[in-house]
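The primary structure of each chain is shown beneath.
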Amino acid sequence: MSVVHAIFEKLQIEYVEHKDGEELRFRCINPKHSDSSPSADINTLTGYWLCRSCGFKGNLERLIKVVSGEDVDLSQYVSLDEEFRFKVQNIYKQSLKGISRYDDIIQFDDTMGNELKNFKPAMECEEAVKYLTGVKRKLTEETITSHKLHYSSEGDYKNRVIIPYFKNGKLIGFNSRFIYDGNKKFRYMYFLSHSQFEDYVYNLENVVDNDYCVIVEGPFDLMILRQLGYKNVISTLSTRVSEKHLQHILQFNKIIFCFDDDKESKAGQKAVIKAANLILEISPNKQLYYCKLPEGKDPTEASEDELKEAFNKLIRIKKKQND
Ligand SMILES: [Zn+2]
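Novice: Looking at this structure, how should I read the coordination of the zinc ion?
Specialist: Tetrahedral coordination by four donors puts the ideal angle at the metal at 109.5 degrees, and octahedral coordination by six puts it at 90 or 180 degrees. Protein coordination at the zinc ion comes from C28 (SG), H33 (ND1), C51 (SG) and C54 (SG), with a distance range of 1.9 to 2.3 Å. The site at the zinc ion holds four donor atoms, and with the angles between them running 105 to 116°, its shape is tetrahedral. All donors of the zinc ion come from a single chain, and their spacing in sequence reads C-x4-H-x17-C-x2-C. Residue C28 is found in the loop between strand 2 (23-26) and strand 3 (40-43), and its partner C51 is found in strand 4 (residues 49-51); the two are separated by 23 residues along the sequence.

Right, dumping it as structure tokens:
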């Protein structure tokens, strides 16, 4: 049962499950809409909901506020552990079935040790080399080696490229990408030590100075930009930039956001505005820029020329903007 299920039970909202329980359909909670047949859907992974009839929508916190009339935090309704799982799901926009995470460091090391036996350097595996150097990823041998990419031909991460996360030289987890088509729900699977991961910024160890940094969404975006010669490319491994990440990000004189240009959801642009506002609150004169990619593309999909053009036309982000 998801956090959303638990909250619907506690608030006594009737629902019908759709898409194997991934969505719940319920009567619209807009006081101005008397909804005789259920017109609203909520996604149980993200907590976002929408009434298809009147357009009333929001996140899980808003739903609780509208229904209970109280300003509440989720922890009043669910256990800390459930709340944490929900937030992690929300970051990765996928089911937690694809995410193994450990707070207990001994258990983490133990399980990680077992998995590591199945991993080989990617350059030594034909399938992995084919996937990583092929038209989709376009990575060079140098990139594959310098990011210590591995491949697993056995175990829970079978047929996956492993992207290890290092922090101060210690392995604190990894992401894995299934190399074949299909299996869409779990294209990516993560293995994380949560306490180590909270403030983690990918690729900090390869930063050469504090002149500027480029912040991207994912590790493959990052690798492509490094190959084009951008020296300080980092990633929070989602579009989320938290206060805990800022201690690492604020060291740079210029900060350039290069998030996906998602035409439909505008998720990338919204995330940039949110992160920029957070940074400008703490450091009002920080030079922030937005690198606008061709519509609908992420850095791995854009051509070299398109990327260079976007970096030549950086857009300065100055004061607060409302989305
Ligand atoms: Zn409605």
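Now, onward.
Novice: How should the packing of aromatic side chains be read in this particular structure?
Specialist: The description of two aromatic rings rests on the distance between their centres and on the angle between their planes. Inspection of the entire model under this criterion finds 13 aromatic pairs. Centre to centre, the rings of F8 and F26 are 5.0 Å apart; their planes meet at 85°, and the pair counts as edge-to-face. Pair noted here: F8 is in helix 1 (residues 3-10) and F26 is in strand 2, with a separation of 18 residues, a long-range link. Judged on exposure class, the residue F8 and its partner F26 are both buried. Centre to centre, the rings of F174 and F191 are 5.2 Å apart; their planes meet at 5°, and the pair counts as stacked. In this pair, F174 sits in strand 10 (residues 170-178) while F191 sits in strand 11 (residues 188-193), placing the two residues 17 residues apart along the sequence. Take F174: its relative accessible area is 1%, and that puts it in the buried class. Three or more aromatic residues link up through ring pairs in this structure, and these residues are F119, Y157, F174 and F191. Directly above the ring of F220 sits R137, whose terminal nitrogen or CZ lies 4.0 Å from the centroid.

Novice: Could you clarify how one ought to interpret helix 11 (residues 304-312) in this entry?
Specialist: For the α-helix, the turn length of 3.6 residues means that residues three or four positions removed from each other point alike. Taken as a whole, helix 11 has its buried residues at L307, A310 and F311. Buried residues along helix 11 cover an arc of 95° about the axis, so they all sit on one side. Residues D305 and N312 are exposed on helix 11 and point more than 90 degrees away from its buried face. The secondary structure elements touched by the buried residues of helix 11 are strand 12 (212-216), helix 8 (219-227) and strand 14 (254-258).

Novice: Could you clarify how one ought to interpret the sheet that holds strand 14 in this entry?
Specialist: Within a sheet, neighbouring strands are paired by backbone hydrogen bonds and run either parallel or antiparallel to one another. Within the open sheet, the five strands sit side by side as 13-12-14-15-16. Their pairing is mixed. Every interior strand has two partners, whereas the edge strands, strand 13 (233-235) and strand 16 (315-317), have only one. Between one strand and the next, the sheet's axes are offset by a mean angle of 30°, whatever the strand orientation. Direction of pairing for strand 14 relative to strand 15 (residues 287-290): parallel, over a ladder of four bridges.

Quick notes on the rules
- The numbering scheme is per chain: residues are counted from 1 as the chain's sequence reads.
- Thresholds applied to this predicted model are a pLDDT of at least 70 for local features of residues and 80 or more for the giving and counting of side-chain atom pairs; totals over whole chains, interfaces and linings are not thresholded and use all residues.
- Excluding hydrogens and water, the side-chain values take into account all heavy atoms of the structure.
- Note that water is not among the atoms used; donors are N, O and S atoms within 2.8 Å of the metal (3.2 Å for Na, K and Ca), so sites may look incomplete.
- Irregular is the default label, applied whenever a site is not tetrahedral (four donors, all angles between 85 and 135 degrees) and neither square planar nor octahedral (four or six donors, opposite donors over 155 degrees apart, all other angles between 65 and 115).
- Helical segments are the DSSP runs of H or I of at least four residues, strand segments are the runs of E of at least two, and each set is numbered from the N terminus.
- Each Phe, Tyr or Trp ring, with Trp reduced to its six-membered ring, pairs with another whose centre is within 6.5 Å; inter-plane angles below 30 degrees give stacked pairs, above 60 give edge-to-face pairs, and intermediate values give tilted ones.
- Burial classes follow relative accessibility: with a 1.4 Å probe on protein chains only, a residue under 20% of its type's maximum area counts as buried, one over 50% as exposed, and anything between as partly exposed.
- Lysine and arginine charges are scored as sitting over a ring when NZ or CZ, respectively, is within 6 Å of the ring centre and within 35 degrees of the ring normal.
- This arc corresponds to the set of directions leading from the helix axis out to the C-beta atoms.
- The contact definition used throughout considers only heavy atoms, calling two residues in contact when any of these lie within 4.5 Å.
- One requirement defines pairing of two strands: DSSP has to find at least two bridges between them.
- Between N-to-C directions, angles cover 0 to 180 degrees, with each direction set by a line fitted to C-alpha atoms, over the stretch in contact for helices.

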